[in-house]
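As a plain string of letters, each chain reads:
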Amino acid sequence: MNLYRHRDDDLAELAALADGSLDPARRAAADARVVGSVELAALLAEQQRALALMRRAAATVDAPAALRAQVAAQRRPHRPLRIAAFATAALAAVVGAGVLGSGRSAEHVHAALRPTALLPDASGDATLTKTSSGWRIRLRAHALPRLDGRRFYEAWLRSKSGAVVPVGTFNEGTNVTLWAGVSPKQFTIVTVTRERDDGDQASSGDEVLDGTVTP
């Protein structure tokens, strides 16, 4: 039975059996071969799983047109494909296009961060992305001296009414990930302050960067 695995026509027959396009005159014999072989049954199950994955990917709203065309061609009678191999390529195309991720449909807002008189050469930006866990904040700052020991930076979201929510601390601003449980639609101001481990959880008021959230 090992020869079966390497013969293109037999692999094509398995693919056609999986997608229902196999000639009815040949189906009974193919079914009998599968029933009589654990190896063929496993190969058929693999083809069926791959086919289901491929069709789910192609049914996604943003699936690439080329992928949709390939799936349509695969469904035509008497044109069986090696589904497992094709599904791998199809899935790669979908992931590459961002279809299976949430990035294309995720909500983003942005804030350009301006310096204050404390560090006039500093600058930065923040991108806030809505997730099921809250708002992920990617902050990048420039010309912020590293703070170590008992000194650090802290980022905040502030509403127009003055309410302030801390969203995380860091030592340097090269590539910072922070999290907020409040919406930047209400807390529209992003600030960064210099802090010290002094037991006081309130903001020091020593702002080094600030900016307003925009869509």
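You'll find the structure just up there.
The paragraphs below set out a description of the structure included in this document. All values derive from a computational prediction rather than experimental measurement. (Residues numbered from 1 in each chain as written. Predicted model: local features only at pLDDT ≥ 70, side-chain atom pairs only at ≥ 80, totals over all residues. Heavy atoms only, no water.)

### Thoughts on the sheet that holds strand β1 (residues 108–115)
Now for step 1: In space, the eight strands of this open sheet follow the order β5-β4-β7-β8-β1-β2-β3-β6, with antiparallel pairing throughout. Every interior strand has two partners, whereas the edge strands, β5 (164–170) and β6 (176–180), have only one. Mean inter-strand twist for the sheet, computed between neighbouring axes without regard to direction, equals 25 degrees. (Pairing = 2+ DSSP bridges. Helix = DSSP H or I, 4+ residues; strand = E, 2+ residues; numbered from the N terminus. Axes fitted to C-alpha atoms, helices over the stretch in contact; angles between N-to-C directions.)

### Thoughts on unusual backbone geometry
Now for step 1: Of note, A143 is a non-glycine position whose phi angle comes to about 65 degrees, a positive value.
Now for step 2: In this structure, A143 sits in the loop between β3 (134–142) and β4 (151–158).

### Describing the side chain of D210
Now for step 1: For D210, the location among the structural elements is in strand β8 (residues 207–214).
Now for step 2: With a relative accessible area of 16%, D210 lands in the buried category.
Now for step 3: For D210, the contacting residues outside a window of four places in its chain are A112, L113, R114, T116, V190 and T191. (Buried < 20%, exposed > 50% of the residue type's maximum accessible area, 1.4 Å probe, protein only. Contact = heavy atoms within 4.5 Å.)

### What to know about the environment of Q201
Now for step 1: One can find Q201 in the loop between β7 (189–196) and β8.
Now for step 2: Sequence spacing of Q201 and P166 is 35 residues, and the spatial spacing of their C-alpha atoms is 9.3 Å.

### As for the pattern of salt bridges
Now for step 1: In this structure the tally under the stated criterion is seven salt bridges.
Now for step 2: Residue R140 pairs with D125 through a salt bridge whose shortest N-O separation is 2.8 Å. With R140 in strand β3 and D125 in strand β2 (residues 123–131), this residue pair connects regions lying 15 residues apart in the sequence.
Now for step 3: A relative accessible area of 34% means that R140 is categorised as partly exposed.
Now for step 4: A relative accessible area of 17% places D125 in the buried class.
Now for step 5: With a shortest N-O distance of 3.4 Å, E172 and R146 are connected by a salt bridge. You can see E172 sitting in the loop between β5 and β6 and its partner R146 sitting in the loop between β3 and β4, a full 26 residues away along the chain. (Salt bridge = Lys/Arg side-chain N within 4 Å of Asp/Glu carboxyl O.)

### Regarding the side chain of T129
Now for step 1: Among the structural elements, T129 can be located in strand β2.
Now for step 2: On the basis of relative accessible area, T129 is assigned to the buried category, the value being 7%.
Now for step 3: Of note is the side chain of T129, whose polar atom sits 2.9 Å from the side chain of H108.
Now for step 4: Not counting the four nearest positions on each side in its chain, T129 is found in contact with A106, E107, H108, G134, W135 and R136. (Polar contact = N/O pair within 3.5 Å; in protein donor to acceptor, adjacent residues only side chain to side chain.)

### A look at the pairing of β6
Now for step 1: What you see with β6 is a clean split: V176, L178 and A180 sit on the buried side and T177 and W179 on the side with no burial.
Now for step 2: In the sheet, β3 pairs with β6 via five bridges, with the strands oriented antiparallel. Along β6, the bridge assignment pairs R138 with T177.

Treat this as a map of the structure, not an account of what it does.
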